[in-house]
Amino acid sequence: MHRFARTVRRVLAAVALAWLAGCASVPGSTPVRLDDTRRIAVISAFQPELTLLLSRVQDARKHSVNGVEFTTGTLQGQPVVLFLSGISMVNAAMNTQLVLDRFNVGSIVFSGIAGGVNPGLHIGDVTVASQWGQYLEVLMAREAAPGRYAAPPWMKDVQLPNYGMLYPRPVEVRKAGQSEPAKQFWFAADPKMLEVARGLRTVELANCGGNGKCLTHKPQLVVGGNGVSGQAFVDNKAFREYAFKTFQANVLDMETAATAQVAYSNGVPYLAFRSLSDLAGGGEGENEMGTFMNVAADNSAKVLLAFLAAWKP
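Residues numbered from 1 in each chain as written. Predicted model: local features only at pLDDT ≥ 70, side-chain atom pairs only at ≥ 80, totals over all residues. Heavy atoms only, no water.

Q: How should I be thinking about the state of the cysteines in this particular structure?
A: Two cysteines joined by a covalent bond between their sulfur atoms form a disulfide. For the coordinates displayed, the defined rule picks out one disulfide. Covalent S-S linkage joins C208 and C214, the inter-sulfur distance amounting to 1.9 Å. Taking the sign of the S-S torsion, about 115° here, the bridge from C208 to C214 comes out right-handed. Accessibility expressed as a relative area gives 40% for C214, which makes it partly exposed. (Disulfide = S-S within 2.5 Å. Buried < 20%, exposed > 50% of the residue type's maximum accessible area, 1.4 Å probe, protein only.)

Here is the structure:
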């Protein structure tokens, strides 16, 4: 009987551990680490962006937390954990923190598509921005007169030009070692990772997709410059021009700046690869994303793979 009781206790303990590993942590407890190997977190927002990368993973193992599927294994010889952040800023922030809590993450890379803002760039080009900011962290100003908007005089952090009633502002952020929160707009990519990306010279980028649609130019890799993110899909020529003029942005998307802020707060280096699937309203005719999404997603993934092959953590 005693032997039976011990067996039951062991089974119940194993079930409890399995439940804790696969579910959200008990409130107030330390999150359960699912894997102790030092890994690079590889993030994409939605499935087409991660397809090529997942197909290259060796020794893949699946984990599920809060409905998010994490795949551990090796990619280009690097220990990695791959997952989808989900689309938009809250999902990106929430699930970037989730991977940091549940895995031993040494650095973060993001791969995906974006809308082109810089008129000198083309669909299919891959950008690796030096820094990212949140263009929709804004004041919605009152209309002081018809068509004229003004920020409250006490709001001293309104420094950037407005777009109608929208005035961009820095975001408040906390970091270990800082006694008070700080305000900043830009979150810099890791300089060492950025330097490795600058050295990538031989990545062959595609200009045709599986749908038979081809670009009229050869895509290029562009390292440096700015990127901006916000919880809006932009398909507006006037706003595109404003974003380029105000932020000197090459691209805009819906996730990277959120991941960048979480990386900054946790002291984890990051780098983002974003390929232009469309021109954010700057092209002729309808938005191009539906046509060139897969070309752009695979081009971004190809540059990320080349980076992983060259990167020495």
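Q: What am I meant to see in the packing of aromatic side chains here?
A: Both the distance between ring centres and the angle between the ring planes are used here to describe each pair of aromatic rings. Under the defined criterion, the tally for this structure stands at 12 aromatic pairs. Between Y163 and F239 the ring centres are 5.0 Å apart and the planes differ by 85°, which places this aromatic pair in the edge-to-face class. One end of the pair, Y163, is in the loop between β10 (148-150) and β11 (166-168); the other, F239, is in helix α5 (residues 237-247), and 76 residues separate them in sequence. Taking the relative accessible area as the measure of exposure, Y163 reaches 30% and is therefore partly exposed. With a relative accessible area of 9%, F239 lands in the buried category. Taken together, a centroid distance of 5.4 Å and an interplanar angle of 70° make the contact between F187 and Y264 edge-to-face. Of the two residues, F187 sits in strand β14 (residues 186-188) while Y264 sits in helix α6 (residues 256-266), which places them 77 residues apart along the sequence. Members of the aromatic cluster, connected to one another through ring pairs, are Y135, Y163, F185, W186, F239, Y242 and F247. The ring of Y264 has K175 sitting right over it, with the charged end atom 4.4 Å from the ring centre. (Phe/Tyr/Trp six-rings, centres within 6.5 Å; stacked < 30°, edge-to-face > 60°. Helix = DSSP H or I, 4+ residues; strand = E, 2+ residues; numbered from the N terminus. Lys NZ or Arg CZ within 6 Å of the ring centre and 35° of its normal.)

Q: Teacher, can you tell me more about the side chain of D157 here?
A: Residue placement: D157 occurs in the loop between β10 and β11. You can call D157 buried: its relative accessible area is 14%. A distance of 3.0 Å separates a polar atom in the side chain of D157 from a polar atom in the side chain of K183. Once residues lying within four places of it in the same chain are set aside, the contact partners of D157 are P168, R169, P170 and K183. (Polar contact = N/O pair within 3.5 Å; in protein donor to acceptor, adjacent residues only side chain to side chain. Contact = heavy atoms within 4.5 Å.)

Q: What's the story with α5 in this structure? I'm lost.
A: Given 3.6 residues to a turn, an α-helix orients residues that are three or four positions apart in the same direction. The complete set of buried residues in α5 reads F239, R240, Y242, A243, T246 and F247. Relative to the axis of α5, the buried residues are bounded by an arc of 160° and lie together on one face. Its side-chain oxygen at 3.2 Å from the backbone nitrogen of A238, N236 defines the N-terminal cap of α5. One or two residues past the end of α5 sits Q248, with phi positive at roughly 50°. (Arc of directions from axis to C-beta.)

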